[in-house]
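# Analysis of the macromolecular model
Read off the chains here:
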Amino acid sequence: MGNTVAREDFEWVYTDQPHADRRKEILAKHPEIKALMKPDYNLIWVVVLMVLAQLTAFYLVKDLDWKWVVFWAYVFGSCISHSMTLAIHEISHNSAFGNSKAMWNRWFGIFANLPLGLPYSISFKRYHMDHHRYLGGDGIDVDIPTNFEGWFFCTRFRKFIWIVLQPFFYAIRPLCINPKPITRLEIINLLAQLAFDVAIYYLWGVKSIFYMLAGSVLGLGLHPISGHFIAEHYMFLKGHETYSYYGPLNLLTFNVGYHNEHHDFPNIPGKSLPLVKKIAAEYYDNLPQYNSWIKVLYDFVMDDTISPYSRMKRQLKGEVKQD
């Protein structure tokens with residue numbers, strides 16, 4: 001089971017997040033980075049191909065034995081589903097069509113959401129912008145676990161269960177920390193998703209639906225790619241709030257591992273973040289970094305000094321503007 005960790009609260013800090021100041025420094029020294037602040041139109045075709053791949057998979061699993069439906073849901077469906085959530089992350093930053101066509105990005109996000117089975121895209125956009133503006137902000141940033149999560153998931157076994165249940169906590173945490181009124185676009189996202197799910201059930205049956213939903217839940221839970229949830233901001237080293245990962249799974253995740261670079265320049269698509277690191281190497285090479293998300297998951301469970309409490313948290317000052 002492991003021993004209860006020593007940490008009993010979050011790491012409260014009284015400084016601003018580091019990303020805005022570093023962005024100013026880097027742009028002053030490397031103004032050529034501004035040329036990378038443009039849409040990634042290739043993202044459109046990648047997302048379309050991913051949706052078509054999942055539609056093909058829905059058809060192919062409809063007559064398989066249940067054991068093979070489960071197998072392919074974890075081996076293939078989970079990878080595509082988790083990758084699609086990170087495509088939606090890119091779209092939430094208007095990376096597909098650019099800031100001048102913000103609504104095109106919202107509609108495209110709803111389309112990308114379809115093979116996940118559950119409405120996600122529009123709500124994610126609203127909360128994710130808060131995460132960037134108010135990183136670690138108490139009562140605003142829903143990427144921060146609740147006090148219950150920090151208090152209860154404090155042994156090795158419980159931390160393992162917490163990783164398995166991550167999709168559940170990411171879904172309910174906003175309702176506990178920072179509930180927002182439902183918008184028209186969220187209703188459209190929900191209705192489009194329900195219509196799609198009903199169509200898949202009508203065309204190909206319950207196994208296709210199970211494959212779709214199981215792939216999403218499994219892909220966001222105990223899965224190598226899910227290491228990015230913990231790798232990005234959990235404080236393995238005191239004083240370091242954001243961490244980058246430079247391993248091969250960036251190929252499946254639109255370079256979300258380049259997380260310091262992403263928070264410094266959220267308007268640069270994931271495709272170009274390796275160039276940011278290369279241009280401004282003196283700012284990034286010496287920061288703490290990872291090369292294995294699997295090791296991050298293992299260390300999180302086995303290190304008794306790390307828990308859901310291992311996050312920097314700050315009281316926000318001044319006016320707070322939310323989407």
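Parameters at a glance
Residues numbered from 1 in each chain as written. Predicted model: local features only at pLDDT ≥ 70, side-chain atom pairs only at ≥ 80, totals over all residues. Heavy atoms only, no water. UniProt positions renumbered as here; feature names shortened; annotations may be inferred. Helix = DSSP H or I, 4+ residues; strand = E, 2+ residues; numbered from the N terminus. Rg over C-alpha atoms; globule rule 2.2 N^0.38 Å. Buried < 20%, exposed > 50% of the residue type's maximum accessible area, 1.4 Å probe, protein only. Contact = heavy atoms within 4.5 Å. Areas by Shrake-Rupley, 256 points an atom, 1.4 Å probe, with all protein chains shown as cover. Lys, Arg positive; Asp, Glu negative; His and termini not counted. Charge placed at Lys NZ, Arg CZ, Asp CG, Glu CD. 1 Å grid on protein atoms, 1.4 Å probe; cavity = no way out; pocket = protein on both sides within 12 Å on 5 of 7 lines; lining within 4 Å. Points joined across faces, edges and corners; volume = space filled by probe spheres on them. Nonpolar A, V, L, I, M, F, W, Y, C, P; charged D, E, K, R; others polar. Phe/Tyr/Trp six-rings, centres within 6.5 Å; stacked < 30°, edge-to-face > 60°. Lys NZ or Arg CZ within 6 Å of the ring centre and 35° of its normal. Salt bridge = Lys/Arg side-chain N within 4 Å of Asp/Glu carboxyl O. Expected span 1.5 Å × (residues − 1). Arc of directions from axis to C-beta. Disulfide = S-S within 2.5 Å.

- As annotated in an unreviewed UniProt entry, the chain is Sphingolipid delta(4)-desaturase DES1 from Platysteira castanea.
- Taken from UniProt, the Subunit (unreviewed entry) comment for the chain reads in full: "Interacts with RLBP1; the interaction increases synthesis of chromophore-precursors by DEGS1."
- Of the chain, the UniProt comment under Sequence similarities (unreviewed entry) reads exactly: "Belongs to the fatty acid desaturase type 1 family. DEGS subfamily."

### Description of the overall build of the chain
- Check the secondary structure of the chain and you find 15 helices and four strands.
- Scaling as 2.2 N^0.38, a compact globule of 323 residues should have a C-alpha radius of gyration of about 20 Å, and the chain matches this with 20 Å.
- The principal-axis extent of the C-alpha atoms belonging to the chain is close to 55 × 50 × 40 Å.
- Per-residue burial for the chain yields a buried fraction of 53% across its 323 residues.
- Put simply, of all contacts in the chain between residues at least 6 apart along the chain, 80% involve residues at least 24 apart.
- Carbon and sulfur atoms provide 66% of the accessible area of the chain, an area that totals close to 15,400 Å².
- Across the chain, 31 positive and 29 negative side-chain charges occur, with their mean positions spaced 4 Å apart.

### Considerations on the layout of surface pockets
- Roughly 1,400 Å³ of volume is contained in the largest pocket.
- Looking at the largest pocket, it is lined by 45 residues, and the ones nearest its centre are Pro119, Tyr120, Phe124, Tyr170 and Ala171.
- Contributions of two or more residues to the lining of the largest pocket are made by helix H3 (66-92), helix H5 (121-133), helix H8 (166-177), helix H9 (184-204), helix H10 (206-219) and helix H11 (227-231).
- Among the residues forming the lining of the largest pocket, the class breakdown is 28 nonpolar, 11 polar and six charged.
- As for the second largest pocket, its lining consists of 21 residues, of which Asp16, Gln17, Arg133, Tyr134 and Leu316 are closest to the centre.
- Secondary structure elements with two or more residues in the lining of the second largest pocket: helix H1 (19-29) and H5.

### Section: the packing of aromatic side chains
- Going through the model one piece at a time under the given rule, you end up with 26 aromatic pairs.
- Arranged with centres 5.4 Å apart and planes meeting at 80°, the rings of Trp68 and Phe71 form a pair that is edge-to-face. Taken together, the residues Trp68 and Phe71, both in helix H3 and three residues apart, mark about one turn of the helix.
- Taken together, the aromatic side chains of Phe148, Trp151, Phe152, Phe153, Phe168 and Phe169 make up a single cluster linked through ring pairs.
- A cation sits over an aromatic face here: Lys159 above Phe300, 5.5 Å from the ring centre.

### Overview of the pattern of salt bridges
- Summed over all chains, the structure comprises 15 salt bridges.
- With its nearest N and O atoms 2.6 Å apart, the salt bridge here joins Asp130 to Lys180. Of the two residues, Asp130 sits in helix H5 while Lys180 sits in the loop between H8 and H9, which places them 50 residues apart along the sequence.
- Residue Asp130 is classed as buried on the basis of its relative accessible area of 0%.
- Through salt bridges with shared partners, a single ionic network connects Asp130, Arg133 and Lys180.

### As for the UniProt feature "transmembrane region" (unreviewed entry) in the chain
- In this structure's numbering, the residues bearing the UniProt feature "transmembrane region" (unreviewed entry) are residues 43-61, 68-87, 107-124, 187-204 and 210-231.
- In this annotation, residues 107-124 is assigned 61% helix and 0% strand; the end-to-end C-alpha distance for the span is 14 Å.

### Observations concerning helix H2 (residues 42-61)
- Here H2 spans 29 Å end to end across 20 residues, near enough to the 28 Å set by a 1.5 Å rise per residue.
- Those residues of H2 not exposed but buried are Leu43, Ile44, Val47, Met50, Val51, Gln54, Ala57, Phe58 and Val61. The buried side chains of H2 occupy one side of the element, clustering within an arc of 155° when seen end-on. Turned more than 90 degrees away from the buried face of H2, the exposed residues are Trp45, Leu49 and Leu60.

### With respect to the environment of Phe169
- Relative to the assigned elements, Phe169 resides in helix H8.
- Spatially, the C-alpha atoms of Phe169 and Asp143 are 9.8 Å apart, while their sequence positions differ by 26 residues.

### Description of the state of the cysteines
- One pass over the full model with this rule turns up zero disulfides.
- Counting only cysteine sulfurs, Cys154 is the nearest neighbor of Cys176, a cysteine outside any disulfide, at a range of 19 Å.

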